[in-house]
Amino acid sequence: MDKFIITGGKKLEGRVRVSGAKNASLALMPATLLASGVSKLNFTPALNDVYTMIKLLNQLGVETNFNDDFLLTLDTKNITSQTAPYEHVKKMRASVYVLGPLLAKYGFAKVSLPGGCAWGPRPINLHIEGLKKLGAEIELEQGYIIAKSDRLHGAKINFDKPSVGATGNILMAACLAKGTTVINNAAMEPEITNLVQLLINMGAKINGINTSILEIEGVDTLQPAEVNTIPDRIEAGTLLVAAAITKGKITIEGGIDSHLYSVLSKLEDTNAKIFISENEITIDATDIDIQSVDVTTGVFPGYPTDMQAQWIAYMSAAKGVSTVTDTVYLDRFSHVSELTRLGAEITVQDNSAIIKGVPKLKGAKVMSTDLRASASLVLAGLAAEGTTEVLRVYHLDRGYEKLENKLKQLGAEIERVSTSEF
Ligand code: EPZ
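Reading the values: rules and limits
Residues numbered from 1 in each chain as written. Predicted model: local features only at pLDDT ≥ 70, side-chain atom pairs only at ≥ 80, totals over all residues. Heavy atoms only, no water. Near = heavy atom within 4 Å. Polar contact = N/O pair within 3.5 Å; in protein donor to acceptor, adjacent residues only side chain to side chain. Areas by Shrake-Rupley, 256 points an atom, 1.4 Å probe, with all protein chains shown as cover. Helix = DSSP H or I, 4+ residues; strand = E, 2+ residues; numbered from the N terminus. Nonpolar A, V, L, I, M, F, W, Y, C, P; charged D, E, K, R; others polar. 1 Å grid on protein atoms, 1.4 Å probe; cavity = no way out; pocket = protein on both sides within 12 Å on 5 of 7 lines; lining within 4 Å. Points joined across faces, edges and corners; volume = space filled by probe spheres on them. Axes fitted to C-alpha atoms, helices over the stretch in contact; angles between N-to-C directions. Parallel < 35°, antiparallel > 145°, perpendicular 65-115°, else oblique. Left-handed = near helix turned anticlockwise from the far one by under 90°. Contact = heavy atoms within 4.5 Å. Phe/Tyr/Trp six-rings, centres within 6.5 Å; stacked < 30°, edge-to-face > 60°. Buried < 20%, exposed > 50% of the residue type's maximum accessible area, 1.4 Å probe, protein only.

Student: A description of the site of the ligand should follow, citing residues and the corresponding values.
Tutor: The environment of the ligand is made up of 24 residues, and the closest members are Asn125, Leu126, Ser163, Asp306 and Val328. Contacts to the ligand include Pro123, whose backbone N or O atom sits 3.4 Å from an oxygen atom. Protein chains bury 89% of the 830 Å² of accessible surface belonging to the ligand in isolation. Looking at the shell around the ligand, the elements with two or more residues in it are helix H1 (22-31), helix H5 (125-133), helix H6 (164-174) and helix H12 (371-383). Here the residues of the shell around the ligand are counted per class, giving 11 nonpolar, 6 polar and 7 charged.

Have a look at this one:
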């Protein structure tokens, strides 16, 4: 078990390259199951959720090679199983992404229901209803989804609410269905656009990229292909907030501003300055008075829920009172009680947190409870007076590739140490 020891108060300065997007990779990897052969995913981030997906795909018979310049190759010529077992899916909800591709390619898929999460509920009704519309027979048996279909057929599918996972699953399945599928109210996150790019490279016929209406004309077979994974907009946003909360100045190499307009705009509202150049984002927060700014999360291009915890940490160091409301997940606030241990003044009412900024956060021992909660504790520790210990950083390692090295490169005093503390 590892923990971070952070000595706060250091301004972050310098340049850092952002890694590939976790939430793109977790869709791109299962998509390769739709073809037989060797596909190549460039800029795949070396983080734990990717390794968990690799293990799941290996169990299905996929041969993988992940070398040290972030090229992940997947050979799907010899699929030996269409079952995603509970022990895998319970670790990572995104495992449910294998459902659509296995069903579409092999006519059968047995995937464990995801089970609980640090917050929730996180149902998959939209995935299941969509696959049924495509003609799948679906049964729920002993905690497993069992899906069968000789050949899926096109359908008109309307999502009551945009869902990244359901859009991905239905999109992948529809590529091999007979006929045309229209997905209305599709998620427009950049990770879905990245998935569409790979599927088109594989021979899929998809219109409506970057819009909320996707039209897919099913084909009989798809070919293995290659794609560049997009940069991780949440890692980029987290690093930008790290610079802002420490009143420093950094440049993110590889950041795509159009993936982060909502976050960049909010950062500017707090008095930070943002400069955009070819594939680089610079933030200058040198000696600013951090202005408190309200945020309400929403689906893309709204402010991302995956940046909600980080914003609450930032607002804890701002002048004034701010409100952060999460409309995507109504109870994603497990970081709040840990932030108050650092001296933050936050109250939660329903799906909103009200933050009264304090002049100085004070270092303490805190415990990570989920991926983005752990990121928020690291951010607060960077600004806090004295030493902060963040326990259970295995949560953080699920979604960030060696975050402590990136922060150290920017001048942070942060060390990863192993500990028997749990
Ligand atoms: C993806 O999860 C991301 N994960 C999440 O990132 C992210 O928070 C989320 O999208 C929202 O942006 C991956 O891409 C691997 P959803 P997903 O389906 O697909 C409800 C992180 O920190 N819903 O878009 O599971 C759901 O309860 C992770 O990197 C249904 O009601 O999210 C939620 O309220 C955390 N029924 C809303 O839709 C369904 O069948 C959005 O969920 C599916 C979802």
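Alright, that's what it looks like, and here's the rest.
Student: An account of empty space enclosed by the protein is requested, with residue identities and associated values reported.
Tutor: Tallied over the entire structure, the rule returns 2 cavities of 30 Å³ or more. Put simply, the largest cavity is a space of about 40 Å³. Lining the largest cavity are Ala187, Met188, Ile192, Thr193, Val196, Ile209, Asn210, Thr211 and Leu214. The leading source of residues in the lining of the largest cavity is helix H7 (residues 190-201), at 3 residues. Its residues assigned to classes, the lining of the largest cavity shows 6 nonpolar, 3 polar and no charged. The volume enclosed by the second largest cavity comes to roughly 30 Å³. Together, Ala21, Lys22, Asn23, Glu191, Asp232, Ile234 and Arg372 line the second largest cavity. Partitioned by chemical class, the residues of the lining of the second largest cavity number 2 nonpolar, 1 polar and 4 charged.

Student: An account of the packing of H1 against H7 is needed here, citing residue identities and associated values.
Tutor: Running from N to C, H1 and H7 point in directions that differ by 25°, and their axes come no closer than 9 Å. The orientation of H1 with respect to H7, classified from their angle, is roughly parallel. Of the two possible hands of crossing, H1 and H7 adopt the one that is right-handed. Residue-level inspection shows Asn23, Ala24, Ala27, Leu28 and Ala31 of H1 in contact with H7, the latter providing Glu191, Asn194, Leu195, Leu198 and Leu199. Taken together, the residues that form the contact of H1 with H7 break down as 7 nonpolar, 2 polar and 1 charged.

Student: Residues and numbers for the packing of aromatic side chains, please.
Tutor: Aromatic rings considered in pairs are described by the distance between their centres and by the relative angle of their planes. Counted by the stated rule, this structure contains 3 aromatic pairs. Ring centres of Tyr303 and Trp311 lie 5.9 Å apart, and the angle between their planes is 70°; on these two criteria the pair is classed as edge-to-face. Assigned by exposure class, Tyr303 and Trp311 land together as buried. Aromatic side chains Trp311 and Tyr314 sit 5.2 Å apart centroid to centroid with 80° between the ring planes, which places their arrangement in the edge-to-face category. Of this pair, Trp311 and Tyr314 are both found in helix H10 (residues 308-315), 3 residues apart, which corresponds to roughly one turn of the helix. Taking the relative accessible area as the measure of exposure, Trp311 reaches 0% and is therefore buried.

Read these as geometric descriptors, not functional statements.
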